[in-house]
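Descriptive analysis of the structure
Below are the chains, spelled out letter by letter.
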Amino acid sequence: DIMVHHPYHSFNSSVERFVEEAAADPKVLAIKQTLYRTSPDSALMHSLMKAVEAGKQVAVLVELKARFDEQQNIEWAMKLEKAGIHVSYGLPGLKIHSKITVVVREEGEELRRYAHVGTGNYHPGTANLYEDLGLFTCDPAITADVSALFNFLTGYAPDQTYQKLLVAPHHLRRQMMAYIDAEIKEAQAGRGARIIMKMNSLEDPHFIQRMYYASTQGVSIDLIVRGICRLRPGVKNMSENIRVHSIIGRFLEHSRIFYFRNGGKHSYLIGSADIMHRNLDARVEAITPIDNSRMKKYLRFVLSVCLQDNTQRWMLRENGSYKRVTRAKNEPEVATHKLLMSHTTSLRDPVPMHKPE
């Protein structure tokens, strides 16, 4: 498994290269990708067109109603179809918001699948400005799930089950609620219970009510929410154990990371969904667990940096206003974007500043 963290890691030499090399590899038989947003002259789209010219099976799921990009996506769909690519437009009433790619490669007597599951769009422009995560994996369970999700999207197999992926709209809400309920049970039993969620927006009333209840039961909750947040932290007898942070700076915080202490197993997940009604019930989303220990260590490091930022972090107060976190005298500077850029160029393994659990 390989994890990339944009814009700290190059989109061009990771995601674009993955598709480019798959298109040129004679052993690759098929490439499938979802398209929510991309650039007007996307190298990814050109690689897919080269792949179909080379005789590979190529399928792209295009979301025509991606806000602000409708016209561009229609134009790309027409170009891809003209090139001979199988273009689908998803299912009625559901936006395709998942960020997934699967490559099928012939290796000896067997077929092997390689997948990318991301938090951000396949857009080289925003990849330089938006903070996002992506997982490259050949884990048989995850790659089978990604293939099953494509079968669902094309309508060939509407009733899919998944081994590892958390998929909206049919399963994600229930599975994420189960993670929260498990933390509530841990707290009620007097054991450590911890939740950290990083997302763009939080507005789903059912999740907010469940997190209020978790707070009253003793679960310690930190929410890193860049934009809209309908939850009120720090309210007596309701949300005293909940803190809401927002990181504002050079890059737009766009990744979704979910952490649950999970009885000491420390579960981490990343994916395309925010905790919003539209993501959970009206869009096709994919969230993947992260099982690799080094990747979990890195995600722990990223979350710990965000939670200790004393330069770019704002805290949501009980009355709905935000207050900027200021650095105390003689306190070392912790600026999320600056620190992560420095860490990336240092080529060192992350050393957590503290354990978020």
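In case you missed it, the structure is sitting above this.
Read on for a plain summary of the structure. (Residues numbered from 1 in each chain as written. Predicted model: local features only at pLDDT ≥ 70, side-chain atom pairs only at ≥ 80, totals over all residues. Heavy atoms only, no water.)

Some thoughts on the packing of aromatic side chains
Inspection of every chain in the model, using the stated rule, returns 5 aromatic pairs. Here the aromatic rings of Tyr179 and Phe260 are separated by 4.7 Å at their centres, their planes lie at 15°, and the arrangement is stacked. One end of the pair, Tyr179, is in helix H5 (residues 172-188); the other, Phe260, is in strand S14 (residues 256-260), and 81 residues separate them in sequence. For Tyr179, a relative accessible area of 22% corresponds to the partly exposed category. (Phe/Tyr/Trp six-rings, centres within 6.5 Å; stacked < 30°, edge-to-face > 60°. Helix = DSSP H or I, 4+ residues; strand = E, 2+ residues; numbered from the N terminus. Buried < 20%, exposed > 50% of the residue type's maximum accessible area, 1.4 Å probe, protein only.)

Some remarks on a nonpolar patch on the surface
Together, Ile248, Trp314 and Tyr322 make up a nonpolar patch on the protein surface, roughly 260 Å² of accessible area in all. Counting through the fold element by element, Ile248 comes out in the loop between strand S12 (242-247) and strand S13 (252-253). (Patch = residues over 30% accessible without salt bridge, like charges linked within 9 Å, V, L, I, M, F, W, Y side chains within 5 Å. Areas by Shrake-Rupley, 256 points an atom, 1.4 Å probe, with all protein chains shown as cover. Salt bridge = Lys/Arg side-chain N within 4 Å of Asp/Glu carboxyl O.)

A word on the nonpolar core
As a rule of thumb, nonpolar side chains are buried together in soluble globular proteins. By size, the foremost hydrophobic cluster in this structure holds 43 residues, and its most contacted members are Met3, Val146, Leu149, Ile270, Ile290 and Leu299. Among the secondary structure elements, those contributing two or more residues to this core are strand S6 (99-107), strand S7 (110-118), strand S8 (130-137), helix H4 (140-153), S14, strand S15 (267-271), strand S16 (283-290) and helix H8 (293-308). Looking at this core element by element, the count peaks at 9 residues for H8. In this structure, Met197, Val225, Ile287 and Leu316 belong to the second largest nonpolar core, which totals 34 residues. (Core = buried A, V, L, I, M, F, W, Y, C linked by side-chain atoms within 4.5 Å.)

Re the pairing of strand S11 (residues 220-225)
For S11, the tally of buried residues reaches 5 of 6 residues, placing the bulk of the element in the interior. The pairing of strand S10 (residues 194-199) with S11 spans 6 bridges and is parallel. Residue pairing for S11: Arg194 is matched across the bridge by Ser220. Chirality of the crossover, the property in question, places the unit of S10, helix H6 (residues 205-216) and S11 among those that are right-handed. Relative to S12, S11 runs parallel, the two sharing 4 bridges. Each residue of the ladder has a partner; that of Ile221, found in S12, is Ile242. (Pairing = 2+ DSSP bridges. Right-handed = clockwise from strand over helix to strand, strands pointing away.)

Concerning the pattern of salt bridges
In this structure the tally under the stated criterion is 17 salt bridges. The closest approach of N and O atoms between Asp291 and Lys164, which form a salt bridge, is 3.1 Å. Residue Asp291 is located in the loop between S16 and H8, and its partner Lys164 is located in the loop between H4 and strand S9 (166-168); the two are separated by 127 residues in the primary sequence. A residue is classified by how much of its surface remains accessible, and Lys164, at 26% relative accessible area, is partly exposed. Among the salt bridges present, the one from Asp222 reaches Arg194, with a minimum N-O distance of 2.7 Å. Of this pair, Asp222 sits in strand S11 while Arg194 sits in strand S10; the two residues are 28 residues apart in sequence, bridging distant segments of the chain. The structure contains a network of salt bridges with shared partners spanning Asp25, Arg105, Glu107 and Arg112.

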